[in-house]
Amino acid sequence: MRPAASLATRVPMFADRTNTIATIALGALLAYLAYAFGQWAFVHAVWRLPADAGSLPCRAARGEGACWAVVVERARFMFFGSYPPGAQWRPAVVCLLFVSVYAASVMRTFWSRWLLASWIAVSAAAVVLLRGGWLGLADVPSESWGGLPLTFLLSTVGFTLAFPVAVLLALGRRSTLPAIRTLSVVYIEVVRGVPVMTFLFMAAVMFPLFAPQGFAVDKLVRAQIAFVMVTAAYLAEVVRSGLQAIPRGQYEAAASIGLSFWPAMMLVVLPQALRVSIPPLVNTFIALFKDTSLVIVIGLFDLLGAAKAVIVDPKWVGFGAEVYLFTAAVYFGFCFVVSRFSLRLERELGRARAA
Amino acid sequence: MNEHERPESQFHVDMQAVNKWFGTLHVLRDVTLKVRRGERIVICGPSGSGKSTLIRCLNGLEAHHSGRIVVGGVELTREVKTIDQVRRRVGMVFQQFNLFPHLTVLENCTLAPIRVKKVGRKAAHDLALHYLTRVRISDQAGKYPGELSGGQQQRAAIARALCMNPEMMLFDEPTSALDPEMVKEVLNTMVSLADEGITMLCVTHEMGFARQVANRVIFIDGGRILEDNEPDTFFRAPGHERTRAFLSQVLH
C-alpha cells in the first residue's frame, strides 16, 4: 500500500482509520450540504418575476428554490433606503466616492497626507450631496437617508473622528499627570463598559429631553456622535497597546536628540505604535462597520435596516433568508476587502522592522 | 580655542554633591564631578554602580534628587525648557543603539536637525551625509536600521547624534551590545571623534580605549566616585582596593 502510506504522511486527515472515516463522513456531509444549497440557490431559484404576478411564482418554489427576485426588485431600496428615487444618483455617487477613497487607501502610491485629507473631504462631500438644498438639488432631510451610504458615512466619519480622540485618550492614560490620567481612564472604562445600543438610545431619546429649548440636533448627528464616543474608547485601548510595545529606548533616543514631547510622539513613537496596531485597528473598523446597523433602534435605516424593512412588506413576507443572505454577502464583501487591505499593509510596512 | 566657551562657566560639566535614589536604592551618593571643555573622560565600574545613571543625569534622562548639575552654563532643573536646551547641545549614544526602526539611516540623521534646529531639508541632508561619511557608512544611508549590522547601527547612531553639532557627547556602554569583531569599528569612530576636541563622557569597559584617548578615568562603585585620575596613574597605581579588584577582572 505504498500510495496510501504516502498519502497518509502528506495528508494527516488520512493518517489512520479513525481519521479516514471521520474525513470521509464529514466530507460527504459537506458535499451534500453544498449540493442542497446549490440546488436551492441556483438550480431552482427564481430570479425574475413576470409583471403583475405578485410573488406567486416565488411562493410556488418555496422550500425548493430561492427567491432572488426579491433582491433584484428591492435592491434599490436596500442600497439607498427611502431616499427619493428620482434623486438616487446622489447616494450612488456617494457610494462610489467612499469606495474610491477606500481603494485609494489600499494603494501605496496614494499614501500621503492628502489621503487623510481626502477621507475628510469625501465625508464632507457625502453629507453635502445627500443633503442637497443647493444648485437646485432638492433638500433631502437626513431621516430619508438610508442603506449603504448611511453605513459608509457612519463608519467612515466615525472612525476618522474617533481616531484622533483615541490617540489623545491613550496618551492621557499613560500620562504622569494624575488628573489627565484619571479622566482618560474613567472615560475609557465607562464608555467601554456600556453597550453601544445604550449610547444610541441616550443620543436619540435622552438627549432631546435634557437639551435646552430650541436646541435641536439632527438625529443622525447624535447617532454619529454616539459612535465616535464609543469607537474612541475602543480605539484608545488599541493605541495604548501599541504604545506599550515601543521600547523605552525609543523615547530616550528621541529625547536625547532634543525632540520635545509632541514631536517625539508624532515622529517617533506613534508611527511605530500604530504600525504594530494595524490588525486590531482594522478589527475595530470592521466591528464599527457592522455596528452601524444598530441605528435601526433609533429609526434610521442603514443597509441592514433597509433589508429588514423589505421583508415586512406583505408581498415579500417569508423571504427573509434570501434578503439576509444577500445583506450578509454585501457586509462580508466589504469587510473581507478591508481585512485583505490590513494584511497587505502589514507586509508593505514589514521592511522597516526593529533590529 | 573653543568658540562655544562661555564666560560664566569654567567647566563644561559641573556636578555638585548630586544624590539620586531609585525607590530606596541610593544610586548616586554625593557625586561631585567637574569636566573641562574638550576633556575626554572614561567612566567605569561594576554593573549597578551608578555609572550609566550618572551620565543619564547630564542630559536629563534621569532627574537628580539633590545637588546641582550645570551643563554648558545651564543648570538642569525639573523645568522642561532647560532640559530641552541642554539636550540640544549634548549628544548621546546608547548601548542598544536606539535608532528609529521606521526611518532610514538618513532620515534618522536628518530628523532632529529639521524638526529641532529648523535646518532646511537640503542642508540637513548634506549634514547627515557628511557625518555618515565620517563614520564610513554613507553607502547605507537609504537602508533601514534593521538591515544593518550592529556595528553599522551604532556608527549610524553616532552620526545621528553628531548631526545636532553637539558640544558634548555621552556614550553609555556603546560597545557592550556588539559582537567582538564589531567593537573595533565603533571604537575607531570614537577615537577619531576624540581628535576633534569635543567633550566626551564615555561609560565603557574598553580599557584600551581609555588608555588611548581619555584625559581622566573615573571608577565608580556603589554610587560613589572612588577614583578619578589620569589613565597612566589610574592603571599603574590605583588608590583604592575596589579599583584594583575591578581592574584585575577587566584587564587580562
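Up top is the structure.
Residues numbered from 1 in each chain as written. Chains lettered and ligands numbered in written order. Predicted model: local features only at pLDDT ≥ 70, side-chain atom pairs only at ≥ 80, totals over all residues. Heavy atoms only, no water.

A. How the structure looks around the overall build of chain B. When you go through chain B residue by residue, the secondary structure sums to nine helices and 10 strands. Expected size for 252 residues packed as a compact globule is a radius of gyration near 18 Å; at 18 Å, chain B falls within 12% of this value. By its C-alpha atoms, chain B is 50 × 45 × 40 Å across when sized along the principal axes. The buried share among the 252 residues of chain B stands at 58%. Considering only contacts in chain B between residues 6 or more positions apart, those separated by 24 or more positions represent 64%. Of the roughly 11,000 Å² of accessible surface on chain B, 47% is carried by carbon and sulfur atoms. Chain B carries 32 positive and 29 negative side-chain charges, and their two centres are separated by 4 Å. (Helix = DSSP H or I, 4+ residues; strand = E, 2+ residues; numbered from the N terminus. Rg over C-alpha atoms; globule rule 2.2 N^0.38 Å. Buried < 20%, exposed > 50% of the residue type's maximum accessible area, 1.4 Å probe, protein only. Contact = heavy atoms within 4.5 Å. Areas by Shrake-Rupley, 256 points an atom, 1.4 Å probe, with all protein chains shown as cover. Lys, Arg positive; Asp, Glu negative; His and termini not counted. Charge placed at Lys NZ, Arg CZ, Asp CG, Glu CD.)

B. Fine view of helix H13 (residues 278-291) of chain A. Residue and element names in this part refer to chain A. The end-to-end C-alpha distance of H13 is 20 Å, a good match for the 20 Å that 14 residues give at a rise of 1.5 Å each. The complete set of buried residues in H13 reads Ile-278, Leu-281, Val-282, Thr-284, Phe-285, Ile-286, Leu-288 and Phe-289. The inward-facing, buried residues of H13 contact helix H5 (89-106), helix H7 (148-173), helix H10 (219-244), helix H12 (261-276) and helix H15 (320-349). (Expected span 1.5 Å × (residues − 1).)

C. Examining the pattern of salt bridges more closely. Residues and elements named next belong to chain B. A complete count under the given rule lists 24 salt bridges over all chains for this structure. Here Arg-68 and Glu-75 are joined by a salt bridge, their closest N and O atoms 3.0 Å apart. Under the relative-accessibility criterion, Arg-68 is labelled partly exposed at 42%. With a relative accessible area of 32%, Glu-75 lands in the partly exposed category. Arg-155 is the salt-bridge partner of Glu-185, the closest N and O atoms lying 2.9 Å from each other. Separated by 30 residues along the polypeptide, Glu-185 in helix H6 (residues 180-194) and Arg-155 in helix H5 (residues 150-162) bring together distant segments of the chain. (Salt bridge = Lys/Arg side-chain N within 4 Å of Asp/Glu carboxyl O.)

D. Geometry of a positive patch on the surface. Residues A:Arg113, B:Arg115, B:Lys118 and B:Arg121 make up a contiguous surface patch of positive charge. Inspection of the secondary structure assignment puts B:Lys118 in the loop between helix H3 (105-115) and helix H4 (121-134). Residue classification places B:Lys118 among the exposed positions, given a relative accessible area of 64%. (Patch = residues over 30% accessible without salt bridge, like charges linked within 9 Å, V, L, I, M, F, W, Y side chains within 5 Å.)

E. Structural detail: the packing of H10(A) against H12(A). Residues and elements named next belong to chain A. Two elements in contact, H10 and H12, have axes whose closest approach is 8 Å; the angle formed by their N-to-C orientations is 110°. The angle between H10 and H12 falls in the class roughly perpendicular. The way H10 lies across H12 gives a crossing that is right-handed. Here Val-239, Gly-242 and Leu-243 of H10 come into contact with H12, specifically with Val-269, Leu-270, Ala-273 and Leu-274. Residue composition of the contact of H10 with H12, by class: six nonpolar, one polar and no charged. (Axes fitted to C-alpha atoms, helices over the stretch in contact; angles between N-to-C directions. Parallel < 35°, antiparallel > 145°, perpendicular 65-115°, else oblique. Left-handed = near helix turned anticlockwise from the far one by under 90°. Nonpolar A, V, L, I, M, F, W, Y, C, P; charged D, E, K, R; others polar.)

F. View of the state of the cysteines. Overall, the coordinates contain one disulfide over all chains when judged by the stated rule. Linked covalently through their sulfurs, A:Cys58 and A:Cys67 form a disulfide whose S-S length is 2.0 Å. Taking the torsion about the S-S bond as the criterion, the A:Cys58 to A:Cys67 disulfide, at about 75°, is right-handed. Per residue, the accessibility class of A:Cys58 equals that of A:Cys67, and both read buried. Cysteine B:Cys57 remains unbridged, with the sulfur of B:Cys202 as its closest cysteine sulfur at 17 Å. We note that B:Cys202 lacks a disulfide partner, and the nearest cysteine sulfur, in B:Cys44, lies 10 Å from it. Its relative accessible area of 1% is what places B:Cys202 among the buried residues. (Disulfide = S-S within 2.5 Å.)

G. Quick peek at the packing of H5(B) against H6(B). Residue and element names in this part refer to chain B. Where H5 meets H6, the closest approach of the two axes is 8 Å, and the angle between their N-to-C directions is 20°. By the angle between their axes, H5 is roughly parallel relative to H6. The hand of the H5/H6 crossing is right-handed. Residue-level contacts link Gly-150, Gly-151, Gln-152, Gln-154, Arg-155, Ile-158 and Leu-162 of H5 to Met-182, Glu-185, Val-186, Thr-189, Met-190 and Leu-193 of H6. Here the residues of the contact of H5 with H6 are counted per class, giving six nonpolar, five polar and two charged.

H. Layout of the sheet that holds strand S7 (residues 168-172) of chain B. All names here are of chain B. Pairing in this open sheet of six strands is mixed, and the strands run S6-S7-S8-S3-S9-S10 from one edge to the other. For this open sheet the edge positions go to strand S6 (90-93) and strand S10 (224-229), each flanked by a neighbour on one side alone. Pairs of neighbouring strands in the sheet enclose a mean axial angle of 15°, with direction left out of account. For strand S3 (residues 40-44) and strand S8 (residues 199-203), the ladder comprises four bridges, and the chain directions are parallel. (Pairing = 2+ DSSP bridges.)

I. Quick look at H3(B). The buried fraction of H3(B) amounts to nine of the 11 residues, a majority that puts the element mostly inside the structure. Regarding H3(B), the residues found buried are B:Val105, B:Leu106, B:Asn108, B:Cys109, B:Thr110, B:Leu111, B:Ala112, B:Pro113 and B:Ile114.

J. Seen up close, the interface of chain B and chain A. Tallying the contact residues gives 25 residues for chain B and 22 residues for chain A. The interface formed by chain B and chain A includes two salt bridges. Across the pair A:Glu252 and B:Arg56 runs a salt bridge whose closest N-O atoms are separated by 2.6 Å. For the interface between chain B and chain A, the tally reads five residue pairs in polar contact (both at pLDDT 80 or more). Contributions of two or more residues to the side of chain B that touches chain A are made by helix H2 (80-87), S6, H3 and H5 of chain B. (Polar contact = N/O pair within 3.5 Å; in protein donor to acceptor, adjacent residues only side chain to side chain.)

K. Fine view of the side chain of B:Arg160. Structurally, B:Arg160 can be placed in helix H5. Within the buried core, B:Arg160 has no salt-bridge partner, and the shortest N-O distance to an opposite charge, that of A:Glu252, equals 9.7 Å. Other than its neighbours up to four places away in sequence, B:Arg160 contacts A:Ala253, A:Ile257, B:Phe97, B:Asn98, B:Leu99, B:Phe100, B:Asn108 and B:Cys109.

L. Looking closely at the packing of aromatic side chains. As enumerated under the stated definition, the model contains 20 aromatic pairs over all chains in all. Taking the centre distance of 6.4 Å and the plane angle of 35° together, the rings of A:Phe285 and A:Phe289 count as tilted. Note that A:Phe285 and A:Phe289 are positioned in helix H13 at a spacing of four residues, about one turn of the helix. Like A:Phe289, A:Phe285 is buried. Taking 6.3 Å as the distance between ring centres and 70° as the angle between the ring planes, the aromatic pair formed by A:Trp316 and A:Phe319 counts as edge-to-face. Across the pair, A:Phe319 and A:Trp316 agree in class, each one buried. A network of ring pairs unites the aromatic residues A:Phe98, A:Tyr102, A:Trp119, A:Phe152, A:Phe159, A:Phe163, A:Phe285, A:Phe289, A:Tyr331 and A:Phe334 as a single cluster. Above the plane of the ring of B:Phe100 lies B:Arg160, whose end atom (NZ or CZ) is 4.5 Å from the centre. Geometry around B:Phe235 places B:Arg211 over its ring, the cationic atom sitting 4.3 Å from the centre. (Phe/Tyr/Trp six-rings, centres within 6.5 Å; stacked < 30°, edge-to-face > 60°. Lys NZ or Arg CZ within 6 Å of the ring centre and 35° of its normal.)

Everything listed here is a matter of geometry and, on its own, says nothing about what the molecule does.
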